[in-house]
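Results of the structural survey
Each chain, letter by letter, is given below.
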Amino acid sequence: MNKFFVLFFMPFLLFGQNLERSLSAENWKFKQANKENWLTATVPGTVHTDLLANNMIADPFLETNEKEVQWIEKEDWEYKTSFFLSQSELHFKNIDLQFDGLDTYASVFLNDQLILEANNMFRIWKIPVRKYLLEGENTLKVVFKSAVIEEQKLAKKASFKLPTDERVYSRKAPYQYGWDWGPRLVAAGIWKPVKLYFWNQVTLVNSSYKQVQLNPKKADLEFNVAVFSEKKKVITVKINDSIVKFELQQGLQTIPIKYRINNPELWWCNGLGDPNLYAFKISLCDDFQEIESQEMNIGLRTIELIQEQDAIGKSFYFKLNGKPVFMKGANCIPEDSFLPRVEDSISQKRIEDAVAANMNMLRVWGGGVYASDAFYNLCDKNGILVWQDFMFACAMYPGGKDFLENVKQEVIDNVTRIQNHPSLALWCGNNEIDEAWHNWGWQKQLNYSKADSTQIWKDYQKVFHELIPNTLDSLYSEKKVIYWPSSPSIGWGRKESLIQGDAHYWGVWWGKEPFEMYERKVGRFMSEYGFQGMPDKSTFNYFANGKSLEFDSEIIKSHQKHPTGYETIKEYMQRDYIIPKTFENYVYVSQLLQAKGIKTAIEAHRRAKPNCMGTLYWQLNDCWPVTSWSSVDYFGNWKALHYQVKESFENLLLSVEETKEKYQVYLVNDSLQDISGNLIVKIIDFNGNVIFEKSISTMVKANASKIVYSFTKKDIPKKYRKKSVMQLKFITEGKKVNTNFYWVKPKDLQLQKPNLKITKIDALTYEITSDVVAKDVYLSSDENAHFSNNYFDVIPNETYRVTLSNPVKIIDIKSLFNTFN
């Protein structure tokens, strides 16, 4: 902030109001702790990005540079800045310094006085600093200790080694230490904003609300406004047009205020209605002059997790506003290895991608970070429900007093921040820890004694069955909270995993089982499963940085983090496709393979409705340029999978199940209305000749799955199976859905060379036709355009229309036939 502005103009801003002032934009510097040279720094930021900006390291995302920056995690780092305070600012009786995020072991000095020792990346740190501040220049320094060295020190104090590695002793994003889709880039730095709060006698600590009553005529809310006052005082609290006077006592107190909305409009998830939001401003006023305020958007809705005994086992599904909802979505990982460079526009693009693919739920996975405020706001506005993990994954954690207290404060900070969002559906304790302890063989691998095993499991229960749920209950008071201790509840190798709870099924990929197993391994709520697909060729070109694209190059290998990733892709590809000879075609077919596998899973899950009521594939996005399970790569390019998901997540779905003796056509309806229409079944040879055609009048009830047509395998002569396609169309009032079904694997199809024609309609619209069946038509451009549809089949005598995000000069086109030669 400009010094002249602070000294001369600030008094006019301060009168009667509490004030917030950012310190993020001050002139920050950083250096390695044992060096002398201070360099320019950015806050929020990380050591890695600051070193990169100062040309001190090569970009870790390029080539094999990740290996060259591993030394950074072993060093200590210092950040410093100075800022000026005016006499008017110092007239405030209270001044608090707040760090929204410090990663992770940080000592904070204000004017050379130690004021904070931080040890949790996920916490908000707020310190009263009025007595340390000076009129004029003040200095602020943050010293970051090496997390890996601090973890090693803590591990040495333990009486036994915990599974995985020493990272479990730090409350720090687990994915930074490397995952099977992400690099090892153990960061440090001031990763969220830094602020000063100025206040006198009264401050607004936080606000929450609960729905007391909700029906078509009225919504009765109770706001709970937490206020701290230094003395007894009468203040006015305004909530929109509602005004309440309240006599404050000294200290922290909660003011309950009732508010009624007549004829309320409900908040609905994507696909079922509008995500209606009501804007509220909560203000503290002294003689009607505003002291401080907070804004929130409230969505009126009820959410329930239904677990009831039934003929199969025990149900697991969500009810929204009293209606069972089939959840369709994906798992999210952090959007970058260096989180401070994730702008709100990137989060917006992710949510737009989810909405465009007809999703209604995202899972914030427990190996990353709690998402940004922008993420939850966007989910609120777009009707995306959130399955929210706490940040624990794939490891056992300590249970000492200091660790537990640290976790408790982390829970308080993040639940307080997130709990008002209507998009929040469920809190989950951790990712895969219960499953891992019971199924991954840790006890045998680490040769635990019975006493050690008992203690480790006891510590697990302290965190996930006592501390977290008890803290949630205290924060939500009378408001019902949905808490699920661990995802999944039972490991995928056990039959119970398919009849109760949520399931992670990794028999496909990890177990090398065929895609067809997805149709047999259908649980009550499928919260993880996935298959890798290579990213767009432009992404390879980016990280190869001008080097040639060869499978045996170290650059390509370093951007595949699964130990047998490329081998697994190739093994599955050989089962279903002809292996392409060129790198570019191999990328294309790998994406078709990924889309084919996940389509098989999603549609099996949806056909099994209501026994199965949710499908969240792994994973939506990437944190760096890599070959992974994502459907959208690091740069936002849609893989074939995301286009397939868009189709497979439509509220109205046509899907074919192949059994031993017959084919069954399902019509799945996720809407809340019965739907009637005509089903048209055509069998067409690859030249466009109609071999068979039938029209059937049918209907499917609301929120249901139904077989609407079936026929035996004998009905399809063998001579047609390699050179014909079944085209299904369901036409209802104002809507048409369709799908194509092939009798054999893609490698066995007798495809012909298509004559694909692209006709320009206008700057953003094109039509595509073909003289023969063209399978998996792929459109691309070097001009960074997004296509509304892609990787689709073109049937002779039909026209396919595609729109672009921006005009381009050249469109390249290919189909599966191009990979056969």
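Structural notes, computed from the coordinates.

Here the focus is the overall build of the protein. Within the protein, the secondary structure is distributed over 17 helices and 43 strands. What you see for the protein is a C-alpha radius of gyration of 29 Å, in line with the 28 Å of a compact globule of 821 residues. If you line up the protein on its principal axes, its C-alpha atoms span 90 × 65 × 65 Å. Taking all 821 residues of the protein together, 58% fall into the buried category. Long-range pairs, those at least 24 residues apart, make up 70% of the contacts in the protein with a sequence separation of at least 6. Of the roughly 34,100 Å² of accessible surface on the protein, a fraction of 48% belongs to carbon and sulfur atoms.

Here helix H15 (residues 583-607) crosses helix H16 (residues 640-648) at 25 degrees, and the two axes come no closer than 8 Å. Considering the angle they form, H15 stands roughly parallel to H16. As H15 packs across H16, the resulting crossing turns out to be right-handed. Residue-level inspection shows Gln 591, Leu 592, Gln 594, Ala 595, Ile 598, Lys 599, Ile 602, Glu 603 and Arg 606 of H15 in contact with H16, the latter providing Ala 640, Leu 641, Gln 644, Val 645 and Ser 648. Residue composition of the contact of H15 with H16, by class: seven nonpolar, four polar and three charged.

This model, assessed by the stated rule, comprises 66 aromatic pairs. Here the aromatic rings of Trp 179 and Trp 365 are separated by 4.9 Å at their centres, their planes lie at 85 degrees, and the arrangement is edge-to-face. Of this pair, Trp 179 sits in strand E10 (residues 177-179) while Trp 365 sits in the loop between strand E24 (361-364) and helix H7 (373-382), and the two are 186 residues apart along the sequence. A relative accessible area of 18% places Trp 179 in the buried class. Among the aromatic residues, those joined into a ring-pair cluster are Tyr 505, Trp 506, Trp 509, Phe 515, Tyr 518, Tyr 529, Phe 531, Tyr 572 and Trp 629. A cation over a ring is seen here: Lys 31 above Trp 38, with NZ or CZ 5.3 Å from the ring centre. Across the ring face of Phe 61, the terminal group of Arg 341 is positioned such that the distance to the ring centre comes to 4.9 Å.

Across all of its chains, the model carries 43 salt bridges by this definition. As a salt-bridge pair, Asp 100 and Lys 195 come within 2.9 Å of each other at their nearest N and O atoms. Taken together, the positions of Asp 100 in the loop between strand E5 (94-99) and strand E6 (105-110) and Lys 195 in strand E12 (residues 194-199) put the pair 95 residues apart, joining distant regions of the chain. On the accessibility criterion, Asp 100 (13% relative accessible area) is buried. Taking relative accessible area as the criterion, Lys 195 reaches 15% and is therefore assigned buried. One salt bridge connects Lys 281 with Glu 290, and the closest N-O pair in it is separated by 3.2 Å. Residue classification places Glu 290 among the partly exposed residues on the basis of a relative accessible area of 25%. One continuous salt-bridge network, built from bridges that share partners, spans Lys 328, Arg 606, Lys 609 and Asp 670.

With respect to topology, three strands assemble into an open sheet ordered E38-E39-E42, the strand pairing being antiparallel. The open sheet is flanked by strand E38 (757-762) and strand E42 (800-803), the only strands paired with a single partner. Taking the axes of each pair of neighbouring strands and ignoring which way they run, one obtains an average angle of 30 degrees across the sheet. Bridge analysis of E38 against strand E39 (residues 765-769) gives five bridges, and the strand direction is antiparallel. The residue bridging Thr 759 from the neighbouring strand is Glu 767, located in E39.

Quick look at unusual backbone geometry now. In this structure, Pro 44 follows Val 43 across a cis peptide bond, with omega equal to -5 degrees. Cis rather than trans, the peptide bond between Asp 103 and Thr 104 has omega equal to -5 degrees. Considering the arrangement of structural elements, one finds Thr 104 in the loop between E5 and E6. With a phi angle near 65 degrees, Asn 358 is a residue other than glycine that sits in the positive phi range. Judged by its relative accessible area of 22%, Asn 358 is partly exposed.

Between helix H8 (residues 401-418) and helix H11 (residues 450-476), the shortest axis-to-axis distance is 10 Å and the interhelical angle comes to 40 degrees. By the criterion of interaxial angle, the relationship of H8 to H11 is oblique. For the pair H8 and H11, the sense of crossing is right-handed. Residues Leu 404, Val 407, Lys 408, Val 411, Ile 412, Val 415 and Thr 416 of H8 lie in contact with H11, whose contacting residues are Lys 462, Val 463, Leu 467, Ile 468, Thr 471, Leu 472, Leu 475 and Tyr 476. Residue composition of the contact of H8 with H11, by class: 11 nonpolar, two polar and two charged.

Ranked by size, the top nonpolar core spans 190 residues in total, and within it Phe 99, Leu 102 and Tyr 617 carry the most contacts. With 12 residues, H15 is the largest single contributor of residues to this core. Once residues within four sequence positions are removed from consideration, Phe 99 is found in contact with Val 108, Leu 116, Arg 123, Ile 124, Trp 125, Ile 127, Leu 140, Val 142, Ile 190, Pro 193 and Val 194. Val 202, Val 237, Ile 261 and Phe 280 belong to the second-largest nonpolar core, a separate cluster that totals 24 residues.

Scoring rules and cut-offs
Residues numbered from 1 in each chain as written. Predicted model: local features only at pLDDT ≥ 70, side-chain atom pairs only at ≥ 80, totals over all residues. Heavy atoms only, no water. Helix = DSSP H or I, 4+ residues; strand = E, 2+ residues; numbered from the N terminus. Rg over C-alpha atoms; globule rule 2.2 N^0.38 Å. Buried < 20%, exposed > 50% of the residue type's maximum accessible area, 1.4 Å probe, protein only. Contact = heavy atoms within 4.5 Å. Areas by Shrake-Rupley, 256 points an atom, 1.4 Å probe, with all protein chains shown as cover. Axes fitted to C-alpha atoms, helices over the stretch in contact; angles between N-to-C directions. Parallel < 35°, antiparallel > 145°, perpendicular 65-115°, else oblique. Left-handed = near helix turned anticlockwise from the far one by under 90°. Nonpolar A, V, L, I, M, F, W, Y, C, P; charged D, E, K, R; others polar. Phe/Tyr/Trp six-rings, centres within 6.5 Å; stacked < 30°, edge-to-face > 60°. Lys NZ or Arg CZ within 6 Å of the ring centre and 35° of its normal. Salt bridge = Lys/Arg side-chain N within 4 Å of Asp/Glu carboxyl O. Pairing = 2+ DSSP bridges. Core = buried A, V, L, I, M, F, W, Y, C linked by side-chain atoms within 4.5 Å.

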